[in-house]
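Per-entry structural report
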Amino acid sequence: MRLILRFIGFAFTAGAILFLIGASVAGYVVYRYSQGLPEYKQLATYEPMVTTRVHAGDGSLLAEYSRERRLYLPIQAIPKLVVAAFLSAEDKNFYKHGGVDPEGIVRAAVNNFRSNGRRQQGASTITQQVAKNFLLTNEQTYERKIKELILAVRMESVYSKDKILELYLNEIYLGLGNYGVAAAALNYFGKSINELTLSEAAYLAALPKAPNNYNPFRQQHAAIDRRNWVIDRMVENGYVSRADGERAKAESLGVSVRSLPESSALAGYFAEEVRREIAERYGEKELYEGGLSVRTTLDPKMQAMARKAMADGLVRYDESHGWRGAQQQLDLKTGEWGALLAQVKALDDVQPWRLAVVLDADAREATIGLQPEREPSGAVSSERETGVIGTDGIRWTRRARVNQALSPGDVIYVEPMEGKSKQFRLRQIPEVSGGIVAMDPNTGRVFAMVGGFSFDQSEFNRATQALRQPGSAFKPIVYGTALDNGYTPSSIIVDGPFELDQGPGLGVWRPENYDKKYAGPRTLRYGVEHSKNLMTVRLAHDIGMPLVAEYAKRFGVYDDLPQLLSMALGAGETTVLRMTTAYSMFVNGGKRIKPTLIDRIQDRWGHTIYRHDERQCIGCTAKNWEDQPEPTLVDKREQVLDPLTAYQVVSILEGVVQRGTGTVVKSVGKPLAGKTGTSNDSKDVWFVGFSPDLAVGVFIGYDKPRSLGGRTTAAVLAAPIFRDFMAMALKDKPATPFRVPPGIKLIQVDARTGMRSSGGGKGTILEAFKPGTAPPDGYAVAGAGETGALPGGGAGQAAVGGGTGGLY
């Protein structure tokens, strides 16, 4: 008995000593590795990188910007099915342990000992994974593991289980560039996380261990096995029934990688302009990590119309100059044609055009092979599609035989011929480019923007970045300045020779009309409608270029226009967006607007941090109706032009469409107004115009300015693009007339002389006059025929002052 007692005492003493030694060692280890540990309390204010999402005006997704594709969800918004799947796969005892699972640690230690260090196995709990992912590195060492254990225990004492699980489910990498369960659900299955099935939730839970090993396309069998293992664990843990588990295991993976809507491919220039604006406003970090929600002004339907009108116009011009040859040549003897063609980069935003290779060609037709699609895994599809290009498909090339234009191995673009199966038309990427902008003239909201033929081909935006000469499209600013300073639409200006002595060594400047003819004394309206350079220069000389420059600045066309008479003819450089904005101020009654592509921006928490609409709403915040006045919107827009003057310009520009240089637009059949613009040597052609509620600007030209052709004018090239777009955009809209402001007097006048007309004959028009400026019954042409130099260096001018009647 004594021996037994001694043994027990010895054992107790030895155990106590061992316990003290173990505790001391453990305490030392904890102390040592606790030194310099990251501050885990920072997780309380953790804000992960979240994807910025850009939406069109109708709510459809336009673009996403991120360094890590992630959508953050609070734990309350994550379905129990998804939580169950991840707990079963990663840490079934998560809600029971204190951050460390002793059983798992022992199991991992034994397995690692048996493997002799060949492959380390972990037993990390979800809390440990959070500690590693947020605060430590991924190195597989016992030192890192000890730190992980210490942090896990400390975290459990500070944060709730739900908070730790929320951090984990939003942080983990789940393959194919997706971080967190919300982004993975959307991009793997095209679903909200609340719509995931058992099979889909289990597959996502299978990914954290090794996403690349369970790639749904390259490692499909391994992915299904791992998913089924997760489902078995969910059944074992009682989250789902065995019957439901077996049904889920019988399903395919069902992964279909999400792509952006087709409309986003047509809006590359618009989306890039939005991206640049956000980056300038908030910085690159906030753009790619801040999780902003951006609602843009884009109208996807109108954007598609603008893209089609611009592409058709560019192709029309380009094809009129003939066939330039294939994109490149493939040696079909070196491999299978589909595999060879798949290696050629095709433009993704020129649908319905497709890249093809000529397989055979004779006089009557060419057999082509269309570029094969790629599987989601990136592999080239085994399916092959062929077609035929006949003589109809190459008629625009002016080649009599097909094999005069095409040879085997030629890589070309083709477009399906409507109503003809497997028949294609030859196409080529235009060398010429251009831009188009469509906006609401009352708010400045840009509905559509196209900055070139293909954003994939060139990201340079000709609508906002290209500085080009607007030519005669600038003239309405000059005439608007005159009308705002004493002139009327019936004021008479001489269309005759004009000379300006530019000083010693500079010679005499002698501008000319496009047709090199003179019309003599004509009305101010006539000068705009028929785009008379000499009338414009004479008018600008009379009112003074400083005043013209001031109005050009008011309208935002130029910031600092050089005060040279040549600038009155649009010799300065500006952008399509600026010109469209300026014309908007004519049709909206002379109110200043700021063009915008963004309606509002919200931060990751849903707080609005930017709103374009700056109007104040008085009475909109009332909680209850107590017979108070109705809410009112306060419009604080600056008046840059008298509303009566603005309407006079609108009326004159409507005449441009009815009987001037823009008559090609008249076929739309709706009230439209606008102005053509052609720069010197036809390097730039423009048409800027509007309906009562839609302003549109079009520019066409080569990126490296050169002549578009001696006889090419805006009326031939730019105006038809405007016409085609407006025909589509206004198709289902009523024919709304332009709004006439109070105070305008509409008086019948002779279109040629500007004098009152008692009859309603062919030459009679309704002219808009301000109060007290009605036209006289006649006028004297003072100084007609003068050719001598007049004060200011002008020639062939009459020195008659402002007012109605008289000669300018």
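Procedures and definitions
Residues numbered from 1 in each chain as written. Predicted model: local features only at pLDDT ≥ 70, side-chain atom pairs only at ≥ 80, totals over all residues. Heavy atoms only, no water. Helix = DSSP H or I, 4+ residues; strand = E, 2+ residues; numbered from the N terminus. Buried < 20%, exposed > 50% of the residue type's maximum accessible area, 1.4 Å probe, protein only. Contact = heavy atoms within 4.5 Å. Areas by Shrake-Rupley, 256 points an atom, 1.4 Å probe, with all protein chains shown as cover. Salt bridge = Lys/Arg side-chain N within 4 Å of Asp/Glu carboxyl O. Pairing = 2+ DSSP bridges. Axes fitted to C-alpha atoms, helices over the stretch in contact; angles between N-to-C directions. Patch = residues over 30% accessible without salt bridge, like charges linked within 9 Å, V, L, I, M, F, W, Y side chains within 5 Å. Disulfide = S-S within 2.5 Å. Phe/Tyr/Trp six-rings, centres within 6.5 Å; stacked < 30°, edge-to-face > 60°. Lys NZ or Arg CZ within 6 Å of the ring centre and 35° of its normal. Expected span 1.5 Å × (residues − 1). Polar contact = N/O pair within 3.5 Å; in protein donor to acceptor, adjacent residues only side chain to side chain. pLDDT = per-residue confidence, 0-100. Lys, Arg positive; Asp, Glu negative; His and termini not counted. Parallel < 35°, antiparallel > 145°, perpendicular 65-115°, else oblique. Left-handed = near helix turned anticlockwise from the far one by under 90°. Nonpolar A, V, L, I, M, F, W, Y, C, P; charged D, E, K, R; others polar.

Let's talk about the overall build of the protein chain
A tally of regular secondary structure across the protein chain gives 22 helices and 26 strands. Per-residue burial for the protein chain yields a buried fraction of 50% across its 808 residues. A separation threshold of at least 6 residues defines the contact pool for the protein chain, and within that pool the share at least 24 residues apart is 69%. Carbon and sulfur atoms make up 51% of the accessible area of the protein chain, which amounts to about 38100 Å² in all.

Some points on the pattern of salt bridges
On inspection of all chains with the given rule, the structure shows 46 salt bridges. We note a salt bridge from E236 to R233, for which the minimum N-O separation is 3.2 Å. One end of the pair is E236 and the other is R233, both in helix α9 (residues 220-236) and 3 residues apart, which spans about a single turn. Here R525 makes a salt bridge to E529, at a shortest N to O gap of 2.9 Å. Pair noted here: R525 and E529 are both in helix α17 (residues 524-529), with a separation of 4 residues, about one helical turn. Here the two residues R525 and E529 agree in accessibility, since each one is buried. Several salt bridges share partner residues, and in doing so they unite E272, E273, R275, R276 and E284 into one network.

Digging into the sheet that holds strand β2 (residues 61-65)
As summarised here, the arrangement of the 5 strands in space is β2-β1-β5-β18-β19, forming an open sheet in which the pairing is mixed. Strands at the two margins of the open sheet, each flanked by one partner only, are β2 and β19 (608-611). The sheet shows a mean angle of 15 degrees between the axes of neighbouring strands, taken without regard to direction. Bridge analysis of strand β1 (residues 52-55) against strand β5 (residues 293-296) gives 3 bridges, and the strand direction is parallel. Residue pairing in the sheet places H55 in a bridge with R295 of β5. Packing against the sheet, helix α12 (residues 268-282) makes contact with β1, β2, β5, β18 (598-602) and β19, and its axis sits at approximately 45 degrees to β2.

Here we look at a nonpolar patch on the surface
Taken together, the side chains of V740, L746 and L766 present a nonpolar region at the surface, about 260 Å² in accessible area. Looking at where L766 falls in the secondary structure, it is placed in strand β26 (residues 764-769).

Some details on the state of the cysteines
Per the counting criterion, the structure on display carries 1 disulfide. The disulfide partner of C617 is C620, and the S-S distance across this bridge is 1.4 Å. In this structure C617 comes out as partly exposed when scored by relative accessible area, which is 31%.

Some words on the packing of aromatic side chains
For the structure on display, the rule yields 18 aromatic pairs. Members of the aromatic cluster, each reached through a chain of ring pairs, are F555, Y583, F586, F690 and F738. Above the plane of the ring of F94 lies K161, whose end atom (NZ or CZ) is 4.5 Å from the centre. Stacked on the ring of Y526, the Lys or Arg R522 has its end atom at 3.8 Å from the ring centre.

Quick word on helix α14 (residues 300-319)
Taking 1.5 Å of rise per residue, the 20 residues of α14 would be expected to cover 28 Å, and the 28 Å separating its terminal C-alpha atoms lies within 8% of that figure. The backbone nitrogen of K301 has a side-chain oxygen 3.1 Å away, supplied by the residue at the start of α14, namely D299.

Details of the sheet that holds strand β24 (residues 694-701)
With antiparallel pairing, 5 strands are arranged side by side in an open sheet as β13-β12-β24-β23-β22. The open sheet has two edge strands with one neighbour each: β13 (446-450) and β22 (673-678). The average undirected angle you get between the axes of adjacent strands in this sheet is 5 degrees. As paired strands, β22 and strand β23 (residues 684-691) are joined by 6 bridges and run antiparallel to one another. Paired with K675 across the strands is V688, a residue of β23.

Some points on the environment of A152
For A152, the location among the structural elements is in helix α5 (residues 142-158). When its relative accessible area of 0% is taken as the criterion, A152 is described as buried. A C-alpha to C-alpha distance of 8.1 Å links A152 and G98, two positions 54 residues apart in sequence.

Section: unusual backbone geometry
Residue P352 is reached from Q351 by a cis peptide bond, and omega for that bond is 10 degrees. Within the secondary structure layout, P352 lies in the loop between α15 (337-342) and β7 (354-361). You will see that D627, though not glycine, has its phi angle at about 60 degrees, which is positive. Along the chain, D627 falls in the loop between β20 (616-618) and β21 (632-634). A relative accessible area of 68% places D627 in the exposed class.

Some words on the environment of W353
Secondary-structure assignment places W353 in the loop between α15 and β7. Classification of W353 by relative accessible area gives buried; the value is 10%. Taking the C-alpha atoms as reference points, W353 and F424, 71 residues apart in sequence, are found 9.6 Å from one another. Leaving out residues up to four positions away in the same chain, W353 has contacts with V315, Y413, V414, E415, R427, Q428, I429 and F453.

Notes on the confidence of the model for the protein chain
Considering every residue of the protein chain, the mean pLDDT works out to 88; 87% of them sit at 70 or more. In this model residues 780-808 is a low-confidence stretch, pLDDT under 50, and it forms 65 contacts with partners more than four residues away in sequence or in other chains.

Concerning the side chain of D91
Note that D91 resides in the loop between α2 (80-90) and α3 (102-114). Salt bridges are absent for the buried D91, whose nearest opposite-charge side chain, K161, sits at 6.3 Å. Setting aside chain neighbours within four positions, we find D91 in contact with F86, H97, T125 and I126.

Some details on the pairing of β19
As judged from the 3 bridges shared by β18 and β19, these two strands associate in the antiparallel manner. Residue pairing for β19: I601 is matched across the bridge by Y610. Linkage of β18 to β19, two consecutive antiparallel strands, is achieved through a turn of 5 residues, within which G606 is found at a positive phi near 90 degrees.

What about the packing of helix α16 (residues 475-483) against helix α19 (residues 545-554)?
The relative placement of two packed helices is expressed as an angle between their axes plus a distance between the axes. Contact pair α16 / α19: the axes reach a minimum separation of 9 Å and the direction vectors enclose 110 degrees. Between α16 and α19, the angle falls in the class roughly perpendicular. Considering the relative orientation of α16 and α19, their crossing is right-handed. The residues of α19 that touch α16, namely those facing I477, V478 and T481, are L547, V548, Y551 and A552. Looking at side-chain class alone, the contact of α16 with α19 contains 6 nonpolar, 1 polar and no charged residues.

So, the side chain of D349
With respect to the secondary-structure elements, D349 resides in the loop between α15 and β7. Despite its burial, D349 pairs with no opposite charge, the nearest such side chain being R307 at 5.4 Å. A polar contact is formed between the side chain of D349 and the backbone nitrogen of F455, at a distance of 2.8 Å. When residues no more than four places from it in sequence are discounted, the contact partners of D349 are A265, R307, S454, F455 and D456.

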